[in-house]
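Residues per chain, in single letters:
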Amino acid sequence: MRVDVVMPQMGESIAEGTITRWMKQVGDTVGRDEPLFEISTDKVDAEIPSPAAGRLIEIKNAVGETVPVNQVVAILETDATAAVSATPTVAVPAPAATPGPAPAAAAPVTAKAQAAEPAAPRGEGTFVSPVVRKIASEHGIDPERVPGTGAGGRVTKKDILDFVAKGGAKAAAPASAPAPSVTFAPGMRVERQPMSPMRKKIAEHMIESRRISAHVNSVFEVDMTRVVKMREKYKAVYEQRHGTKLTMTPFFVKAACDGLRAWPVINASVEGNDIVYKKDLNIGVAVALDWGLIVPVVRNADELSIAGLTKKINDLAERARGKKLLPDEVQGGTFTITNPGIFGGVFGLPIISQPQVAIMGIGGIEKRPVVVDDAIAIRSMMYLSMSYDHRVVDGAVADQFLALVKKGLQEFDESLL
């Protein structure tokens, strides 16, 4: 029996996915729920499991192709004795190497799948994904004006961004302007590699954020000696009692939640001329990956204990590195924390994650001589930074928020552990 493998619906607002890797080739056997291919969407990268056990007899879409949800991308034969499809195949070259795990050999796809199909004309009422609609709205574009290359003439994210880049938008600056062409002199030792889908998305989001928000930065120095000692004291207990590693991140999340409750404008967003105050504290915690960066969200973080935060953050980080996150786990954040200090950075000035209005950066913790009660002492010191949107957050508010976070860390309540 033949089983269709389709591009999954990875979230309510996600209408398509880009195939980034085939883990099996035509003719290979695959077990039920065994990872079959990887995809990248606007929200998350994920490994897609096989819907059934059998033999892979056809791959319809090559690495790098963007496919609408529910479209068939491959076919399985569940009868192990069935022959592989006799349809002629052509080899599809693998994309240039990108940072991260080495990709599997590119799987061959049928010649039929390789043939370019002309875009069908769109009829009135053709589906427009929320992502496309948002980009169109930001640039004053009617999506009906954009030539669509998706199924049934549907406008894809690439279509709308290409339209903007070619000057079709009313906005003064495009969301994603093409990089200037660079000519290298003969003999120069260079290597050119295309951006991975995740890298492209990060670039688009960062440029868009700088265009939207008036970025301002504040930096505070924090004495982390008390927190460092408490972590050392309790980390073995946490391993034994809770089965998880006690990191520094839960302390930062707890202190940030206390600050956000006191200064709710920092937990807000801007919609037109309105400030939208978010009642839930959904804290995004940036996780560095070998192939990019992702920000899973701890929902209602203020309602979790330190033990609960520790378990949740560690679980999200582990599944982020294993490409096991669900789309809902990387959206809906109201405030973000990023930790460049984990790699030894003194501090960073991060870019705001839209539509949030602030992001807090954690610097490296190191022992330094400081003056305490008119005497020189060795303390574990750290710089705490925040980038904020000056359209709605004033410097006085940002500094009062950081002062409260600083106080919460320097006087952290040990009974919470």
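Residues numbered from 1 in each chain as written. Predicted model: local features only at pLDDT ≥ 70, side-chain atom pairs only at ≥ 80, totals over all residues. Heavy atoms only, no water.

Caption draft 1: Inspection of helix 7 (residues 306-321) at higher detail. The terminal C-alpha atoms of helix 7, which comprises 16 residues, lie 23 Å apart, in line with the 22 Å expected from a rise of 1.5 Å per residue. Summarising the contacts, the buried residues of helix 7 are in contact with helix 5 (225-242), helix 6 (249-262), strand 15 (287-289), strand 16 (292-294) and strand 17 (297-298). Looking one or two places after helix 7, you find K323, whose phi comes out positive at around 55°. (Helix = DSSP H or I, 4+ residues; strand = E, 2+ residues; numbered from the N terminus. Expected span 1.5 Å × (residues − 1). Contact = heavy atoms within 4.5 Å.)

Caption draft 2: Structural view of unusual backbone geometry. The omega angle of the peptide bond from Q354 to P355 is 5°, so this bond is cis rather than trans. Within the element layout of this structure, P355 appears in the loop between strand 18 (335-338) and strand 19 (358-362). Its identity is not glycine, yet K323 carries a phi of approximately 55°, on the positive side. Residue K323 is classed as buried on the basis of its relative accessible area of 14%. (Buried < 20%, exposed > 50% of the residue type's maximum accessible area, 1.4 Å probe, protein only.)

Caption draft 3: Representation of the environment of K323 within the structure. If you trace the backbone, K323 turns up in the loop between helix 7 and strand 18. Along the chain, K323 and S40 lie 283 residues apart, while their C-alpha atoms are 10.0 Å from each other. Once residues lying within four places of it in the same chain are set aside, the contact partners of K323 are E38, D45, A46, E47 and W291. A polar side-chain atom of K323 sits 2.7 Å from a polar atom in the side chain of E38. (Polar contact = N/O pair within 3.5 Å; in protein donor to acceptor, adjacent residues only side chain to side chain.)

Caption draft 4: Spotlight on the packing of helix 6 against helix 7. Look at helix 6 against helix 7: their axes get within 9 Å of each other, and the N-to-C directions meet at 120°. Relative to helix 7, helix 6 is oriented oblique. Relative to helix 7, helix 6 is oriented so that their crossing is right-handed. Contact residues: T249, P250, V253 and K254 in helix 6; I306, L309, T310 and I313 in helix 7. Considering only residue class, the contact of helix 6 with helix 7 consists of 5 nonpolar, 2 polar and 1 charged. (Axes fitted to C-alpha atoms, helices over the stretch in contact; angles between N-to-C directions. Parallel < 35°, antiparallel > 145°, perpendicular 65-115°, else oblique. Left-handed = near helix turned anticlockwise from the far one by under 90°. Nonpolar A, V, L, I, M, F, W, Y, C, P; charged D, E, K, R; others polar.)

Caption draft 5: Region of interest: the pattern of salt bridges. Inspection of every chain in the model, using the stated rule, returns 20 salt bridges. Note that R319 is salt-bridged to E329, the shortest N-O span being 2.7 Å. Here R319, found in helix 7, pairs with E329, found in the loop between helix 7 and strand 18; they are 10 residues apart in sequence, far enough to count as distant. Residues joined in a network through salt bridges with shared partners are R21, E38 and K323. (Salt bridge = Lys/Arg side-chain N within 4 Å of Asp/Glu carboxyl O.)

Caption draft 6: Inspection of the side chain of S269 at higher detail. Summarising the element assignment, S269 is placed in strand 12 (residues 268-271). Side-chain polar atoms of S269 contact the side chain of K278, separated by 3.3 Å. Discounting residues that sit within four places of it in the chain, S269 has contacts with D274, I275, V276, K278, P355 and V357.

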